[in-house]
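Here's the letter readout for the chains.
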Amino acid sequence: MPGVLRSRLEERMPFGRAVEMFEEFTGIKISKIVGQRSTEKAGAIYAEMQQEEVKRLQKKMPRATVHPEKLQVSADGAMVPLLHGVWAEVKTLVIGEVRPAVREKGEMIVHTRNLSYFSRKVSSQEFESLCLGEMHRRGVENAKEVAAVMDGAEWEQSFIDYHCPHAVRILDFAHAAEHINPVGEFLYGEHTDESKTWLSERLHQLKHGGPKKLLLEMQKLRRKHPEAKPITSGLAYLKKREKQIQYPTFQAQGWPIGSGIVESGNKLVVEARLKGSGMHWADQHVNPMLALRNIICSNRWKEEWSKIEAGIRKQKLKKPEPVQSKVLSADEAFLLILKEKLSSQDVLEASPLNPKKPKTNPWRNFKYGKSLYQPKSPPKL
């Protein structure tokens, strides 16, 4: 029980504050470093268990046992600070159940609930593979309908190709707006009322009427301003993703058009714990902490902590691996033999037959037992 409480505190707050609260709750005092090491060890064990599960799934390819109706899959990255001023990207996958649309403030809004998270600081290729366990657990392969709501990053599209190529692909609406806004600012100036009005009208048209009219307008603007980079780049970006910005169709099908679940996941899972004031993480400690953050934020702590405890017990019971014998050089072998002889002489002289200890220790006089610059005489053997 104390281990569970301590780990739950330390995955939520800085280690120093966590051990203080642990002492307040239990009366047990431990050092910050001890608490940190035990929590990171628990996270590392769980991360290793997840990796082993992925290997099992890849080898046996079992069918998922759950059959969800309608799922949303979103992935994104967030930066975390490492030691020595280095920043690294943590990728996060969020899977949730899509609920029927409800009317809010005059609009039909789609919510996604029962969210689960998987985060790692790895390459995009490794992330694709490691996410297999969570994708299988949620039954994405068996879902009747799946939508992948992402921003425009190439690795995210590759991720969907790998896991669920049949999914409906939707470009996050706010991300599309980021590529339209520079056009209005080019035409009417940055942060002006005219540019804001122009953007608002185009986004309303895109959301409720589709991209056709907007793309035609941007093509005309490109012909008029052929060297304007905001127009040419924005048009190329949206044209390439035209199938992913059919927002009226997606909304009619009951899909969300925003990837807010993963953006909030970046804040809730990653940044809330790993991006605090003054925090800098050792590279090897990031993924263990993320593994614990995932299960607590996914409301799966109780069922998963028992597995972690079993892993800790199993690790303690492991026999240490035999130490491989080292091949000694001639000089090293000579010194080792000489040391054993000198040690046995000490034992003999200090034995019950001769309880008095020798006045001098021959080993202390041996030239290789001291700094070479000190004068010494050879040992008497």
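Within each chain, residues carry numbers counting from 1 in the order of the written sequence. Note on the predicted model: pLDDT of at least 70 is required for a residue's local features to be given, and 80 or more for side-chain atom pairs to be given and counted; whole-chain, interface and lining totals, by contrast, use all residues. Working from all heavy atoms in the structure, the side-chain values ignore hydrogens and water.

Our focus in this paragraph is the packing of helix α7 (residues 173–188) against helix α8 (residues 193–209). Here an angle of 0 to 180 degrees is reported between the N-to-C directions of two axes, which are lines fitted to C-alpha atoms, with helices fitted over the stretch in contact. Think of it this way: any DSSP run of H or I at least four residues long counts as a helix, any run of E at least two long counts as a strand, and we number them from the N terminus. For the pair α7 and α8, interaxial distance at closest approach is 9 Å and the crossing angle is 140°. Here α7 is positioned oblique relative to α8, judged by the angle of their axes. In this structure, α7 crosses over α8, and the sense of that crossing is right-handed. For the pair formed by α7 and α8, the contact residues are Phe173, Ala177, Ile180, Asn181, Val183, Gly184, Glu185, Leu187 and Tyr188 on the first element and Glu194, Ser195, Trp198, Leu199, Arg202, Leu203, Leu206 and Lys207 on the second. Residue composition of the contact of α7 with α8, grouped by class: 10 nonpolar, three polar and four charged. Any angle that falls under 35 degrees is termed roughly parallel, while one over 145 is termed roughly antiparallel, one within 65 to 115 roughly perpendicular, and all others oblique. By definition, turning the near helix anticlockwise from the far helix through less than a right angle yields a left-handed crossing, and turning it clockwise yields a right-handed one. We call two residues contacting when some pair of their heavy atoms lies within 4.5 Å. Residues are grouped as follows: nonpolar covers Ala, Val, Leu, Ile, Met, Phe, Trp, Tyr, Cys and Pro; charged covers Asp, Glu, Lys and Arg; every other residue, Gly included, is treated as polar.

Following DSSP output, two strands are said to pair if at least two bridges run between them. The five strands are arranged β5-β2-β1-β6-β7 in an open sheet whose pairing can be described as mixed. Each end of this open sheet is capped by a strand with a single partner; those strands are β5 (112–120) and β7 (168–171). Taken pair by pair, the neighbouring strands of this sheet meet at an average axis angle of 25°, ignoring direction. Along the sheet, helix α6 (residues 154–163) contacts β1 (70–81), β2 (87–98), β6 (145–150) and β7; its crossing angle with β1, the most-contacted strand, is approximately 140°.

What follows covers the packing of α8 against helix α9 (residues 212–224). It is at 8 Å that the axes of α8 and α9 come closest, and there the two elements cross at 135°. Judged by the angle between their axes, α8 and α9 are oblique. In this structure, α8 contributes Trp198, Arg202, Gln205 and Leu206 to the contact, and α9 contributes Lys213, Leu214 and Glu217. Its residues assigned to classes, the contact of α8 with α9 comprises three nonpolar, one polar and three charged.

What follows covers the side chain of His163. Along the chain, His163 falls in helix α6. Between buried and exposed lies partly exposed: a residue is buried under 20% and exposed over 50% of the maximum accessible area for its type, with that area taken using a 1.4 Å probe on protein chains only. Accessibility expressed as a relative area gives 17% for His163, which makes it buried. Setting aside chain neighbours within four positions, we find His163 in contact with Glu128, Cys131, Leu132 and Met135.

What follows concerns the pairing of β7. One ladder, built from four bridges, connects β6 with β7; its direction is parallel. Bridge pairing in β7 links Ala147 to Val168. Handedness rule for crossovers: strands pointing away from the viewer, path from the first strand over the helix to the second running clockwise, crossover right-handed. The handedness of the β6 to β7 crossover, carried by α6, is right-handed.

With that settled, the discussion passes to the packing of aromatic side chains. Note on aromatic contacts: the rings of Phe and Tyr and the six-membered ring of Trp form a pair at centre separations within 6.5 Å, being stacked when their planes are under 30 degrees apart, edge-to-face when over 60 apart, and tilted otherwise. Inspection of every chain in the model, using the stated rule, returns six aromatic pairs. Where Tyr247 meets Phe250, the ring centres are 6.4 Å apart and the plane angle is 80°; that geometry is what we call edge-to-face. Pair noted here: Tyr247 and Phe250 are both in helix α11 (residues 247–252), with a separation of three residues, about one helical turn. Across this residue pair, the class does not change: Tyr247 and Phe250 are buried. The structure contains a cluster of three or more aromatic residues connected by ring pairs, namely Phe118, Phe127, Trp155 and Phe159. Above the ring of Phe173, the side-chain terminus of Lys207 is found at 6.0 Å from the ring centroid. The aromatic ring of Tyr237 is capped on one face by Arg241, whose charged end is 3.8 Å from the ring centroid. Consider the ring centre and the ring normal. A charge sits over the ring if Lys NZ or Arg CZ is within 6 Å of that centre and within 35 degrees of that normal.

Note that soluble globular proteins tend to have their nonpolar side chains buried in a common cluster. Throughout, nonpolar core names a set of buried Ala, Val, Leu, Ile, Met, Phe, Trp, Tyr and Cys residues whose side chains join them through atoms within 4.5 Å. Residues Leu274, Trp281, Val286 and Ile308 are the most contacted members of the largest nonpolar core, which totals 30 residues. Every element with two or more residues in this core is listed here: α3 (32–60), β2, α12 (260–274), α13 (283–297) and α14 (301–317). Element by element, the count of residues in this core is highest for α13, at eight residues. Not counting the four nearest positions on each side in its chain, Ile308 is found in contact with Ala42, Ile45, Tyr46, Leu292 and Ile295.

Note: most residues except glycine have negative phi, and most peptide bonds are trans. For Met61, which is not a glycine, the phi torsion comes out positive at approximately 50°. Along the chain, Met61 falls in the loop between α3 and β1. Overall, the relative accessible area of 68% leaves Met61 in the exposed class.

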